[in-house]
Each structure stands twice: as C-alpha cells, then as structure tokens.
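Architecture at a glance
This is what each chain is made of:
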Amino acid sequence: MTRPGPPPTQPATAIPDRAASAWRIRLAYYWRHGCMPDLARPTRFTELVQRRKLIDRDPRMPLLADKVAVKAWVADRLGSDWVTPTWWEGRALPPTPRWTAPFVVKSRHGCNQNAFVLDASADWQAIRARSARWMAMRYGTWLDEWAYADIPRGLLIEPFVGTPPALPIDYKIYVFGGRAEYIQVHLGRGRVHRWMLFDRDWRRVSSSTGDADPPRPQSLTAMIAAAQTLAKIFDFVRVDLYEIGGRPRFGEMTFYPGSGLDPFDPPSLDLAIGAKWLAAICDPSLRDTKSSTRINAPSTIISPAKNSDSPSIRP
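Report on the accompanying structure. (Residues numbered from 1 in each chain as written. Predicted model: local features only at pLDDT ≥ 70, side-chain atom pairs only at ≥ 80, totals over all residues. Heavy atoms only, no water.)

1. Considering the packing of helix H1 (residues 18–33) against helix H2 (residues 45–55)
The description of two packed helices rests on the angle between their axes and on the distance between the axes. Filter applied, for reference: Inter-axis angles, ranging from 0 to 180 degrees, are taken between N-to-C directions of lines fitted to C-alpha atoms, where helices are fitted over the stretch in contact. What counts as a helix is a DSSP run of H or I of at least four residues, what counts as a strand is a run of E of at least two, and both are numbered from the N terminus. Each angle gets one of four labels, with under 35 degrees taken as roughly parallel, over 145 as roughly antiparallel, 65 to 115 as roughly perpendicular, and the rest as oblique. Each crossing is labelled by how the near helix is turned from the far one, with a counterclockwise turn of less than a right angle marking it left-handed and a clockwise turn marking it right-handed. Contact criterion: two residues are considered in contact whenever any of their non-hydrogen atoms come within 4.5 Å of each other. Gly is placed with the polar residues, together with every amino acid not listed as nonpolar (Ala, Val, Leu, Ile, Met, Phe, Trp, Tyr, Cys and Pro) or charged (Asp, Glu, Lys and Arg).
It is the contact of H1 with H2, at a shortest axis distance of 10 Å, that shows an interaxial angle of 160°. By the angle between their axes, H1 is roughly antiparallel relative to H2. Crossing of H1 against H2: the hand is right-handed. When H1 is examined against H2, the residues Arg18, Ser21, Ala22, Ile25, Tyr29 and His33 are found in contact with a partner set consisting of Thr46, Glu47, Gln50, Lys53, Leu54 and Ile55. By residue class, the composition of the contact of H1 with H2 is 5 nonpolar, 4 polar and 3 charged.

2. Looking at unusual backbone geometry
Note: most residues except glycine have negative phi, and most peptide bonds are trans. Note the threshold: The classification of residues rests on relative accessible area computed with a 1.4 Å probe and restricted to protein chains. Under 20% of the type maximum is buried, over 50% is exposed, and intermediate values are partly exposed.
Across the junction of Pro164 and Pro165, the peptide omega takes the value 10°, indicating a cis bond. Along the chain, the position of Pro165 falls in the loop between strand S4 (155–159) and strand S5 (170–176). For the bond from Asp265 to Pro266, the omega torsion is 10°, close enough to zero to count as cis. Tracing the backbone through its elements, the reader meets Pro266 in the loop between strand S9 (247–254) and helix H8 (268–282). Here the phi dihedral of Asn112 falls at roughly 55°; this positive angle occurs in a residue that is not glycine. Here Asn112 shows up in the loop between strand S2 (103–107) and strand S3 (114–117). Classification of Asn112 by relative accessible area gives exposed; the value is 53%. The phi dihedral of Asp144 falls on the positive side, at around 60°, and the residue is not glycine.

3. Focus: the packing of aromatic side chains
Note the following rule: What counts as a ring pair is set by centres within 6.5 Å for rings of Phe, Tyr and Trp (its six-membered ring), and what kind of pair is set by the plane angle: stacked under 30 degrees, edge-to-face over 60, tilted for all other angles. A ring has a charge above it when a Lys NZ or an Arg CZ is no more than 6 Å from the ring centre and no more than 35 degrees off the ring normal.
Within the structure shown, the criterion is met by 19 aromatic pairs. Consider the rings of Tyr139 and Trp142, whose centres lie 4.9 Å apart with planes at 75°: the pair is edge-to-face. We classify Tyr139 as buried; its relative accessible area is 5%. Relative to Phe264, the ring of Trp195 has its centre 6.0 Å away and its plane inclined at 80°; by these criteria the two rings are edge-to-face. Highlighted residues: Trp195 in strand S7 (residues 194–199) and Phe264 in the loop between S9 and H8, separated in sequence by 69 residues. Ring pairing ties together the aromatic residues Phe45, Tyr174, Phe176, Trp195, Phe236, Phe264 and Trp277, which thus form one cluster. Lying over the aromatic face of Trp23, Arg26 brings its terminal NZ or CZ to 5.8 Å of the ring centre. The cationic tip of Arg32 hangs over the ring face of Trp31; the distance from NZ or CZ to the ring centre is 5.4 Å.

4. Section: the pattern of salt bridges
The condition is simple: We count a salt bridge whenever a side-chain nitrogen from Lys or Arg sits within 4 Å of a carboxyl oxygen from Asp or Glu.
Taken as a whole and judged by the stated rule, the model has 23 salt bridges. For Asp144, the salt bridge identified is with Arg24, shortest N-O distance 2.8 Å. Of this pair, Asp144 sits in the loop between helix H5 (124–136) and helix H6 (146–149) while Arg24 sits in helix H1; the two residues are 120 residues apart in sequence, bridging distant segments of the chain. Two residues, Arg238 and Asp240, come together in a salt bridge whose shortest N-O distance is 2.8 Å. With a relative accessible area of 5%, Arg238 lands in the buried category.

5. Points about the sheet that holds strand S8 (residues 236–244)
Basically, it comes down to this: At least two bridges found by DSSP between two strands are what make those strands a pair.
An order of S7-S6-S5-S8-S9 is seen for the 5 strands of this open sheet, with the pairing classed as antiparallel. Across the chains shown, the open sheet's two edge strands, defined by having one partner strand only, are S7 and S9. Sheet twist, expressed as the mean angle between neighbouring strand axes with direction ignored, is 25°. Inspection of the sheet shows S5 paired to S8 by 6 bridges, in the antiparallel sense.

6. Overview of the sheet that holds strand S1 (residues 88–90)
Strands sit in the order S1-S4-S2-S3 across an open sheet of 4 strands; the sheet is antiparallel. Of all strands in the sheet, those bounded by a partner on one side alone are S1 and S3. Within this sheet the neighbouring strands show an average axis-to-axis angle of 15°, counted without direction. Pairing geometry for S1 and S4, over 3 bridges, is antiparallel. The residue of S4 that forms the bridge with Glu89 is Leu156. Those strands touched by H5 are S2, S3 and S4, and its axis lies near 160° from that of S3.

7. Thoughts on the nonpolar core
Selection criterion: We define a nonpolar core as any set of buried Ala, Val, Leu, Ile, Met, Phe, Trp, Tyr and Cys residues linked to one another through side-chain atoms lying within 4.5 Å.
Ranked by internal contacts, the top residues of the largest apolar core, which has 60 residues, are Phe45, Ile173, Phe176 and Ile273. Among the elements that take part in this core, helix H7 (residues 220–231) stands out by supplying 7 residues, more than any other. Those residues in contact with Phe45 that lie beyond four places of it in its chain are Tyr174, Phe176, Phe236, Pro257, Phe264, Asp270, Ile273, Gly274 and Trp277. Counting residues in hydrophobic clusters, the runner-up holds 13 residues, among them Phe103, Ile127, Met135 and Leu155.

Here it is as structure tokens:
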C-alpha cells in the first residue's frame, strides 16, 4: 500500500480546522476512489477511516503510533522478546554510521519513512539527507491523520529483522472490538510490492492474483492472540507483525491503514470490512471502555438509522 506523499513545499503547520479537513478528506477520497465518501453515515471501511480522521481524538493513539514509545507499552503486555530493540534514537544522524549493517533507519513520527542499510555499500549521505527531510515535516497534516501530528519528531535505528536483502513478509492484522478478523499479507516489500487479504482461518478473501497463497505462518495463532491483546481497547486498530525464524515479532500499530485511500479488490470487501468496524462501534459491551469513537468524541451520537441496516454516525 503506497501512501500519497506531501506536496514538496508544504510547511510544517498544524492540522487545519474540521471544516477544512472535511473538504480535503473528501477530495482525496474522490481522487483515489472516484466517488465522495459518506462521512455522515459511513458503511465502507475506507469511509470509516476518513471518519476517524475527522472526529477521533483518542489520546492513546499518538502514544501507540509513536515507533519509540509504543515498544515499552507492547513489551509490558506481550514481553520484551516481541519487540525489536532500539539501538539509537535522536534528531540527526551522525556523519558516519556507528552501527554494523544490516540495520534500519526510521522516523518515529511517520509512516513509510525508512531506509535499509544492508551492507557497507549503502549511501549514508543520501540516507542522512532523506532523514533530514523527514525531520523537517510535521507528518500527518496533508492526510489529516491527527494521531501523528503531535508525536515528537525523531529518528531511530533498529537491527534489520530477517535475512537480507529480502525484507520480511508483513502480516497486518485487522482487529475489531478485540477480535482479529483479517490478515493482510504484504509480499515483495522493497521490490515488487503487492498484498492479499485472508480471513483469520487463512482463507483468501481478496481477488485471485498471479501469486499462489503463501503458507500459513507457523506462529499465526500466537500472532492473532497478541494482536487481540494489544487492540482490545479500540473499536478498530491494525496490528502489524512479522515472523522471524518461526517466532512472531511486533512491527507497529496503525489507526489509518493506507489512509483509507487504497481500494479493495473485490470492492465488496470494503463494505464487508466496514461492517465489522460498525458492529464493534455499536457493541454495547464496548461502551466507555474500548470504543475510541465514544471515549474521545463525546458529541458523537451513534444510533440505529431508520430504515437502514447501518448505523447513523453524526457529529
């Protein structure tokens, strides 16, 4: 999934007011999906992501989207062996690398901001220049992803996980109301990147492609249990994991997958996945304990819509 990049001259400004955000959200959605999102009564998963951008201000989200801070939180719940250690963190990379390859340079405050140093041939000065650009931008403003806006800007170094040069398969688990429902499997990262979607029983639900179904990961049961443990306090969050040597490893938590701008194939999946999120939002057992929408948007009213199977959500 490729996120649109920011305009090259965009200043590091605060996320605008809700009215301006709503218009930009609608236009970005139209650009990628060819239709306007229904923000008043969303039914598609991609629409619900836009709705979250607009109204959800759960104070836990910035902590868990912070690639440095989330590690202690995850280690406290799953154990330190689930977490990739941080070798270094700071605001500017040194003139020469102090770490033995392979390792990864990341920003702590954004998505798709990483550089892989697989051996001594890596262009360190180019990586330093890229990282300086990450630091110059306040991530989250151009796509209205509030959770990223106030994460402290910073860089971190982690050891490379897996066997270079191939990047490990990424297992992205969609969890609704504490139950894992789908696993998005990302193949060919860093080369010919593509993905497919499976249900929790490892049956493909996305359209057929030229790729055979990858084997079920050995640790899938543990991955699902871990994702549910981490995500149970939210109506929806995606938990990203790897499997290294048959053992699961935490990657990150994502509240706006693909910024809600990536189409599903077949398109009916967008409605099916959206129905899972709506059910979690409307589950009375989640009221005031797990639903990020209710906790942090007290002016939001969620009620059954008349003559409709979907709930009406309005500010």
